[in-house]
Structures are given as structure tokens and as C-alpha cells.
Amino acid sequence: MTLVTTKEMLKDAHQNHYAIGAFGAHNLEIIKAIIAGAEAIGSPVILQTTSSTYRYVEMPYMIALAKAAAEQAKIPVALHLDHGESFQVVTECLSAGYTSVMIDGSKLSLEDNIALVRKVTDAASSLGVPVEAELGTIGSVEDDLVSMEDQALFTDPLMAERFIRETGIDSFAPAFGTAHGNYKKEPKLQFDLLGKIQAVSNLPLVMHGASGVPKESVRKSLDYGVAKVNFSTELKDLFAEELRAYLIANPKESDPRKYFIPAREALIELVKTKIAMLQK
Ligand SMILES: [Zn+2]
């Protein structure tokens with residue numbers, strides 16, 4: 001199969017109250033683990049990268065890797081831009097062949113955010129590529145700005161209704177208590193708020209920062225319209241841990257065809273666990 005967009009997979013997940021896992025795809029080993037994990041469960045999957053990832057991998061390699069993964073895979077695979085920070089970054093990905101994009105104007109005023117997202121949906125829709133956008137501040141655990149507890153940073157449902165109507169986006173990432181990075185304490189998701197956002201949006205919702213969110217909370221969110229769940233931190237942590245442990249235990253090993261294998265095997269299991277958690 002060639003790379004597909006996230007349109008159909010998110011639509012089906014949203015209608016049937018399950019979710020698609022979207023995983024940070026940082027290199028060949030991680031991409032192969034994501035695909036193998038998704039194939040084992042039999043679920044479509046989203047490979048996603050930030051702009052810093054595709055700059056690290058380099059765009060021609062990024063696209064070639066994702067396309068090769070999709071062609072080999074027995075399940076639908078999409079390549080998604082996570083937290084696109086500008087119109088330029090988004091258009092770079094659209095021209096290169098990404099099949100789904102997020103524009104993150106969450107640091108802008110509501111007016112400016114709407115204008116930026118509108119510009120992106122106009123550009124993407126002519127290519128048939130769906131757009132995700134964020135309102136409110138999800139933030140990262142390491143930042144001072146974290147939406148975990150600060151009401152002021154949560155998404156306002158009335159603003160969300162206007163934002164969705166005026167931008168024409170395909171999926172929506174609200175701030176309702178998750179954050180990026182490693183949680184210092186268990187996040188408390190705001191399900192009342194999520195219910196209000198669900199009622200005004202009628203779009204597939206996206207949970208960012210799902211690494212470390214308890215299984216019960218992730219599963220509960222599926223009843224509130226969450227149809228895409230993003231994991232990156234846990235994958236990076238496990239990959240590094242396994243690689244480090246192997247190299248410490250085998251200090252003379254210098255063959256990348258050997259030392260990556262335990263890390264990749266561990267990631268396959270993690271991806272399987274995460275995707276299984278998102279099934280109905
Ligand atoms: Zn995110």
C-alpha cells in the first residue's frame with residue numbers, strides 16, 4: 001500500500017469509539033518497530049514527526065522510509081507532521097509527501113491562530129491532506145506552561161466551536177489535562193471539559209502527551225471522541241534504556257546489526273500494548 005491520509009482512519013475510529021496510535025518516528029529502527037507492532041494488532045497506524053525530526057533524518061530519507069514502511073506493511077500507514085510551527089513548515093511537508101499535517105498556532109491569539117490554520121486548511125485541502133490543530137496550551141512537563149492543572153490553559157469549549165467552524169480543520173487537539181514529556185505525578189484529565197468540547201466539535205479529537213497517562217484514562221477518553229492518541233516520550237525512553245543496557249552488558253559489541261535488536265524488540269511490544277489499549 002502507498003501512504004494513506006489520516007482522513008478515513010480517524011473517521012472510522014471516531015465513529016466506532018476506538019483510536020489510532022500516532023507514534024514519534026525518529027529513525028529506521030523505531031519506524032520498523034512501530035509498523036511491526038501495528039501489524040501484530042492489525043490496526044492502521046500513524047508515523048509522526050516534528051520538523052526537528054525530519055531535519056535530523058533529512059526530508060528525502062524521511063519520505064523514502066515512510067513510503068517503504070507503508071509499501072511493506074499489511075496495514076494502512078499515514079505520515080503526519082506533529083506540531084508544525086509555521087505555514088512554511090507545513091508547506092514543506094505537503095510538497096514532500098506527508099499525508100497529514102498539524103499546524104500549531106496555540107501560542108498565537110485566537111484571531112491569529114484562526115487565520116494561520118485557515119491558510120493551512122486552504123493549502124492542504126487542495127491536496128486532499130487533512131489538518132489537525134490545537135487550541136489552548138497543552139505545553140510540556142518541562143515548561144512552566146503546562147495545562148495539567150492550570151484552568152487558564154485549558155481549551156474553552158465556546159472558543160473551540162468558533163475555531164473549528166472558521167478553520168475547517170479535520171481533527172482537533174484540545175488542552176484538557178495532558179502534557180508532553182514525563183509526568184511528575186499522575187495527570188488528571190478533565191472529562192467534563194472534554195465532554196463539552198466533544199459536544200461542540202463533532203470531530204475526531206486528539207490526545208497529545210499520552211505517554212504516562214493511565215490506561216483507564218486513555219480508554220475513557222475514547223468515549224469522548226478521542227480518535228488519535230500520540231505517544232513519543234515512552235518510545236524514546238524505552239529505546240534508549242534498552243540500547244544503553246545492551247551496550248553496558250556487552251561493552252565489546254560494535255555491530256549495529258546486533259545492538260539495535262533488543263531495543264527494537266522492546267519497542268514492538270510497547271507499541272502493541274499501546275495500540276491494544278486503543279481498541280474498542
Ligand atoms: Zn503534542
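So, here is what we can say about the structure in this document.

Basis of the calculations
Residues numbered from 1 in each chain as written. Predicted model: local features only at pLDDT ≥ 70, side-chain atom pairs only at ≥ 80, totals over all residues. Heavy atoms only, no water. Helix = DSSP H or I, 4+ residues; strand = E, 2+ residues; numbered from the N terminus. Buried < 20%, exposed > 50% of the residue type's maximum accessible area, 1.4 Å probe, protein only. Pairing = 2+ DSSP bridges. Right-handed = clockwise from strand over helix to strand, strands pointing away. Contact = heavy atoms within 4.5 Å. Polar contact = N/O pair within 3.5 Å; in protein donor to acceptor, adjacent residues only side chain to side chain. Donors = N, O, S within 2.8 Å, 3.2 Å for Na, K, Ca; no water. Salt bridge = Lys/Arg side-chain N within 4 Å of Asp/Glu carboxyl O. Arc of directions from axis to C-beta. Core = buried A, V, L, I, M, F, W, Y, C linked by side-chain atoms within 4.5 Å. Expected span 1.5 Å × (residues − 1). Phe/Tyr/Trp six-rings, centres within 6.5 Å; stacked < 30°, edge-to-face > 60°. Lys NZ or Arg CZ within 6 Å of the ring centre and 35° of its normal.

A few points about the environment of Asp 192
By secondary structure assignment, the location of Asp 192 is in helix α8 (residues 191-201). For the pair Asp 192 and Tyr 224, spaced 32 residues apart in sequence, the C-alpha separation works out to 9.5 Å.

Regarding the pairing of strand β8 (residues 226-231)
Of all 6 residues in β8, 6 are buried; the element is thus mostly enclosed. As paired elements, strand β1 (residues 20-24) and β8 share 4 bridges and run parallel to each other. Bridged to Ala 22 within β8 is Asn 230. Two elements, strand β7 (residues 205-207) and β8, share 3 bridges in a ladder whose sense is parallel. The residue of β8 that forms the bridge with Leu 205 is Val 226. Considered for its hand, the β-α-β crossover made up of β7, helix α9 (residues 215-222) and β8 is right-handed.

Details of the environment of Ser 106
For Ser 106, the location among the structural elements is in the loop between β4 (100-103) and α6 (110-125). Between the C-alpha atoms of Ser 106 and Glu 234, which are 128 residues apart in sequence, the distance is 24 Å. Setting aside its immediate chain neighbours within four residues, Ser 106 contacts Asn 113, Glu 134, Gly 136 and Thr 137. Side-chain polar atoms of Ser 106 contact the side chain of Asp 104, separated by 2.6 Å. Within polar-contact distance, the side chain of Ser 106 engages the side chain of Glu 134 at 3.4 Å.

Quick look at the coordination of the zinc ion
Protein ligation of the zinc ion involves His 83 (NE2), His 180 (NE2) and His 208 (ND1), the donor distances falling in the range 1.9 to 2.0 Å. Judged by its relative accessible area of 22%, His 180 is partly exposed. Residue His 208 is classed as buried on the basis of its relative accessible area of 1%.

Some words on the pattern of salt bridges
Counting across every chain of the model gives 11 salt bridges. One salt bridge connects Glu 111 with Arg 162, and the closest N-O pair in it is separated by 3.1 Å. Residue Glu 111 is located in helix α6, and its partner Arg 162 is located in helix α7 (residues 157-167); the two are separated by 51 residues in the primary sequence. On the accessibility criterion, Glu 111 (48% relative accessible area) is partly exposed. Looking at Arg 162, the relative accessible area reads 24%, which means it is partly exposed.

Quick word on α8
Restricting attention to buried positions, one finds in α8 the residues Phe 191, Leu 193, Leu 194, Ile 197 and Ser 201. Along the long axis of α8, the arc covered by the buried residues comes to 150°, so they all point the same way. More than 90 degrees from the buried face of α8, the exposed residues found are Asp 192, Lys 196 and Ala 199. Where α8 is buried, its residues touch α7, β6 (171-174), β7, α9 and β8.

Digging into the nonpolar core
Grouped together as the largest cluster of nonpolar side chains are 81 residues, with contacts concentrated most on Leu 47 and Phe 172. With 8 residues, helix α12 (residues 261-277) is the single largest residue contributor to this core. Contact partners of Phe 172, with chain neighbours within four places excluded, come to Ala 133, Glu 134, Leu 135, Thr 155, Ala 160, Phe 163, Ile 164, Ile 197, Leu 203, Pro 204, Leu 205 and Val 206. One finds Leu 10, Ala 13, Ile 20 and Ala 78 within the second-largest nonpolar core, a separate group that totals 9 residues.

Notes on the side chain of Thr 99
By the secondary structure assignment, Thr 99 is in the loop between α5 (87-96) and β4. A relative accessible area of 10% means that Thr 99 is categorised as buried. Leaving out residues up to four positions away in the same chain, Thr 99 has contacts with Leu 3, Val 4, Thr 5, Thr 6, Ala 78, Leu 79, Val 129 and Pro 130.

Things to note about α12
Over its 17 residues, α12 extends 25 Å from the first C-alpha to the last, a length consistent with the 24 Å expected when each residue adds 1.5 Å. Considering only its buried residues, α12 is in contact with β1, α2 (28-41), β2 (45-49), α9, β8 and α10 (233-249).

Description of the packing of aromatic side chains
By the definition in use, this model includes 6 aromatic pairs. Measuring from centroid to centroid gives 5.4 Å for Phe 23 and Phe 231, while their planes differ by 20°, and the two rings are stacked. With Phe 23 in strand β1 and Phe 231 in strand β8, this pair connects stretches of sequence that are 208 residues apart. Considered together, Phe 23 and Phe 231 belong to a single accessibility category, that of buried residues. The structure contains a cluster of three or more aromatic residues connected by ring pairs, namely Phe 239, Tyr 259 and Phe 260. Here Lys 119 stacks its cationic end above the ring of Phe 87, 4.4 Å away from the centre of that ring.

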